[in-house]
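What follows is the residue order along each chain.
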Amino acid sequence: MGGLKRSHSCNDLAVDNVGEAVTLMGWVLRRRDHGGVIFIDLRDRWGITQVVFNPEIHAEVHAKAHQLRSEWVIAIQGRVERRPPDMENTNLKTGGIEIRVDTLRILNSSLTPPFPLDEDVEVSENLRLKYRYIDLRRPFMASHLITRHKVSRAVRNYLDENNFLEIETPILTRSTPEGARDYLVPSRVNAGKFYALPQSPQLFKQLLMISGMDKYYQIVRCFRDEDLRADRQPEFTQIDMELSFIEEEDIYTLIEGMMLRLFKEVLNIELAPPFARMNYEEAIARFGTDRPDTRFGLELVDLTETVRDCGFNVFQSVVKKGGLVKSINAKGCADFSRKDLDGLTEYVGQFGARGLAWVKVKAAGEWQSPITKFFTDEEREAISSALGAEEGDVLFFVADKGAIVHQALSELRLDLARRLGLIDKTFFNFVWVVDFPLLEYDHEQKRHTAVHHPFTAPKEEDMEFLENDPGRVRSKAYDLVLNGVEIGGGSIRIHQKELQDIIFKALGINKEEAEDKFGFLLQALELGAPPHGGIAFGLDRLLMILTGRESIRDVIAFPKTQKATCPLTEAPSSVSRKQLTELYLRPDWE
RNA sequence: GGGGUCGUAGUUCAGUUGGUUAGAACGCCGGCCUGUCACGCCGGAGGUCGCGAGUUCGAGUCUCGUCGGCCCCGCCA
C-alpha cells in the first residue's frame, strides 16, 4: 500500500475533523470529472466520502486521477476540508466535508463491473450469484450481513449472560429416519457406509443435557436435501438451544427476553412481552394455519353446521362426507370484478380447492351470486349473520376436506390482506402457538408420524388417548410465529426410556429398528437423563423479517439457486473417477 | 414429479399481424467542461434475440424440444 496506513473509514469524518491529515482506502463508486476538478465518491463497508482532485493544487495527482474508473481500489492521503456553503450533501453522513487529495495510490484497477452497484437496478439472480462478491459490495446487501452479525452477537451475549455454553456438535454424523432427506457423505475408510450431514443437532443436544451441560446453545448450520423455496435453502442456520430441569414456561420467558434484547440491539425497537399465545386447534380454526398472521382480521368462519341441510348440493354433500364448509368475509370488496373473482378461484385451486363460491352483498342484505338460488331466505340470513355481512362485502366459501379448506382459506386470507393493504409492515407481531398434536396420520406410509419429532414429550393428561385415538394426543411442543412466519419451534423432550419406547411403538417403529437407529439415545436415557427441552430458531428467516426482504438468499452471503447450485463456484461439480473409486462409488448414470 | 413466468447490447427493458439495416435508457470508449454529488454537453463502439429442430418465400415474433433464473404445489419444520 505504498507505505500508507488507513486512518479513518469512509464514514468517519465530519466537520469536527476539518484540517486533519487523513488517509482513506476504498473503492471508486462514482467519478465526476469536470475537466478541471474531479470528484470521486470513495466507498468502503462503512460509507461514502467525497474526495476532490484539483489541478491547481496538485497537477500531477490530478492527472493520475484522470484514469480512475468504477470499482478501482485506491488509497488517498489528504486534508479534510469543509465543503463550500450550499455544497453540502445531506444524504451522506460525511456530506459536510470532502478530502483534498495530496497523494493518490492506485492499489488495483478493475474491469467494468458486470452490473451496476445501484440498489434500484434489479439484476438477475444468476448474475448476482455468479459475481456475489460484487453484489455484496452494494450497501444494502452489506447491511444485511452486518445485521446478521448483530443478531448473532446479541444472541451470544444474551445466552452467555444466562449461563449457556456454546458447544459444537458433529457435521459428519449418522443418517436417521423421520424428517427430511439427508445429505450423504460416503466414507472412504468404511466401504459402502455413509455419514449424513445433520438436519439439526437434535440428538447431540439432548445428549449434552444428559452430560450435565444444563444450558447449551449453538449457532449452527443444518442441511436438508429437499426442494428449495424463497425461504428455504439446502443449508441454513439455526440458533439451537437446549435446557435441563425446565418446563414450557421457562422456554417462553427465556425466548421473550432474547427477542426483547435482540430487537432493542439490532433495530432499536422495544418489544412488549409476554407474547400472545394461541393453541394449535384455535389457530387452525380461526386462521386455517399453525402460523397465523394476526396483524389483521379476515378470520375464518365455520358454516359447516349452518349449511348442513341447505339446498346447495355441493355444500351439503361435503358436510355429509365429514368435510367442512368455511368462509371469509372480505369487507368492502364488492367492487371485485368477475376477473378478480376468477383469479382468486384459480389461486385457491392450487391448494386443492375445487371451487371458490362467492357472494356479493348488496343493499338490504340482498345477495348477488351464482349460488343465491340454492338457499332459502332463512339460510341466507343465517349465513350473513354468522359472517357479519354488510352491504359492500364479498363472502368467500370453500367446501372440502378440512385440510384443504384450511389451507385454501388461509392462503386466500393472506392474498386478500396483501391486496387490500391490511398488513402493517412496521409492526412485529409475535404469537406462541402451543399444544400441537403429537402425531398425525401419514396416508402414504399408512402410519402415524411425529408432528414435531419422535423425541417430543406428550402431555400427561392426553396419554390415555394414545392407544385408541392417537391423533388426539397433544404434545409439549411450541412454535414462535412472527408476522405469519414460523421463526422457531421446539418441545419438552422425553427423558425416560419407558415413555420413549411407547412413543416409538405408536409411530410404528419396532424395537429392532429403534435399537438400530436410536440405540445410543435409548441407552443414554437409562443413564441419568434429566428432564430437558429446547427450541431452535431459523436465523435466516428471522433476518429476512428483520431486514424486510422477500428471499432468504438476500441475508446469506453465498446462497444457492433454486436448483441448489452455486453459479460462483459451479458447485455441485463432477469428480474424478479416482475419487469415486476411493469412495467405493460407481458412476451408474453414465 | 407438476404448474406458472421470464430469457433480446455490459445492465434494465421495448420490439405491432411473421416483412427493409433489431431500438431506448443507463453503462462503456473518445472529446469538451473548475464545484459536482445519478454532474452536464458532443460523438462513437457494442447483438449467436439462451440453445436445437420445425413451419414459412421470410422467424426476435408461430410450433415442438431443451437449458437456465425466479415464484408456487407436492416435498420440507
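Relevant structure appears above.
Cut-offs used in this document
Residues numbered from 1 in each chain as written. Chains lettered and ligands numbered in written order. Predicted model: local features only at pLDDT ≥ 70, side-chain atom pairs only at ≥ 80, totals over all residues. Heavy atoms only, no water. Helix = DSSP H or I, 4+ residues; strand = E, 2+ residues; numbered from the N terminus. Expected span 1.5 Å × (residues − 1). Contact = heavy atoms within 4.5 Å. Salt bridge = Lys/Arg side-chain N within 4 Å of Asp/Glu carboxyl O. Buried < 20%, exposed > 50% of the residue type's maximum accessible area, 1.4 Å probe, protein only. Polar contact = N/O pair within 3.5 Å; in protein donor to acceptor, adjacent residues only side chain to side chain. Core = buried A, V, L, I, M, F, W, Y, C linked by side-chain atoms within 4.5 Å. Pairing = 2+ DSSP bridges. Near = heavy atom within 4 Å. Nonpolar A, V, L, I, M, F, W, Y, C, P; charged D, E, K, R; others polar.

**Regarding helix α11 (residues 402-420)**
Inference 1: Along its 19 residues, α11 runs 26 Å from first to last C-alpha, staying within 8% of the 27 Å computed at 1.5 Å per residue.
Inference 2: If you follow the buried residues of α11, they end up packed against α7 (280-287), β13 (324-330), α9 (338-349) and β16 (394-400).
Inference 3: Of the residues trailing α11, glycine 421 is marked for its positive phi of about 65°.

**Section: the pattern of salt bridges**
Close approach of charged atoms allows side chains of opposite charge to pair.
Inference 1: On inspection of all chains with the given rule, the structure shows 46 salt bridges.
Inference 2: One salt bridge in this structure joins arginine 32 and aspartate 41, with 2.9 Å as the shortest N-O distance.
Inference 3: Between arginine 221 and glutamate 235 there is a salt bridge, with its nearest N and O atoms 2.7 Å apart. Pair noted here: arginine 221 is in strand β9 (residues 215-223) and glutamate 235 is in strand β10 (residues 235-244), with a separation of 14 residues, a long-range link.
Inference 4: For arginine 221, a relative accessible area of 41% puts it in the partly exposed group.
Inference 5: Residue classification places glutamate 235 among the partly exposed positions, given a relative accessible area of 26%.
Inference 6: Ionic contacts of the salt-bridge type, sharing partners, join the residues Glu125, Arg128, Arg132, Asp135, Arg138, Arg549, Arg553 and Asp554 into one network.

**Focus: the environment of asparagine 279**
Inference 1: By the secondary structure assignment, asparagine 279 is in strand β11 (residues 276-279).
Inference 2: In sequence terms asparagine 279 and proline 85 are 194 residues apart; their C-alpha atoms lie 62 Å from each other.
Inference 3: Within the structure, asparagine 279 has its side chain in polar contact with the backbone nitrogen of glutamate 282 (distance 2.9 Å).

**Topic: the nonpolar core**
Inference 1: Residues Met241, Ile255, Met259, Phe430 and Phe537 are the most contacted members of the largest nonpolar core, which totals 64 residues.
Inference 2: In terms of residue count, the dominant contributor to this core is helix α6 (residues 248-267) (nine residues).
Inference 3: Apart from the residues lying within four places of it in its own chain, the contact partners of methionine 241 are Leu159, Phe164, Lys205, Tyr216, Tyr217, Leu254, Ile255, Met258, Arg493, Gly534, Ile535 and Phe537.
Inference 4: By size, the runner-up hydrophobic cluster in this structure holds 26 residues, among which are Phe296, Ala330, Phe396 and Ala408.

**Some thoughts on the sheet that holds β13**
Inference 1: Strand order in the open sheet made by the five strands is β12-β13-β16-β14-β15, with antiparallel pairing throughout. The sheet terminates laterally at β12 (301-302) and β15 (367-368), the two strands that pair on one side only.
Inference 2: In this structure, strand β14 (residues 357-361) lies alongside β16, joined through four bridges in antiparallel fashion. Residue pairing for β16: tryptophan 358 is matched across the bridge by phenylalanine 396.

**Quick look at the protein's contact with RNA strand B**
Inference 1: The environment of RNA strand B is made up of 50 residues, and the closest members are Asp33, Glu56, Met87, Glu98 and Gln350.
Inference 2: Each atom of RNA strand B within 4 Å of the protein was classed as base or backbone; sugar and phosphate made up 55%.
Inference 3: Within the side chain of asparagine 89, a nitrogen or oxygen atom sits 3.1 Å from a base oxygen of RNA strand B.
Inference 4: Within the contact set of RNA strand B, a sugar or linking oxygen lies 3.5 Å away from a side-chain nitrogen or oxygen of glutamate 486.
Inference 5: Elements supplying a minimum of two residues to the surface near RNA strand B: β1 (21-33), β2 (38-43) and α2 (125-130).
Inference 6: Residue composition of the surface near RNA strand B, grouped by class: 13 nonpolar, 17 polar and 20 charged.

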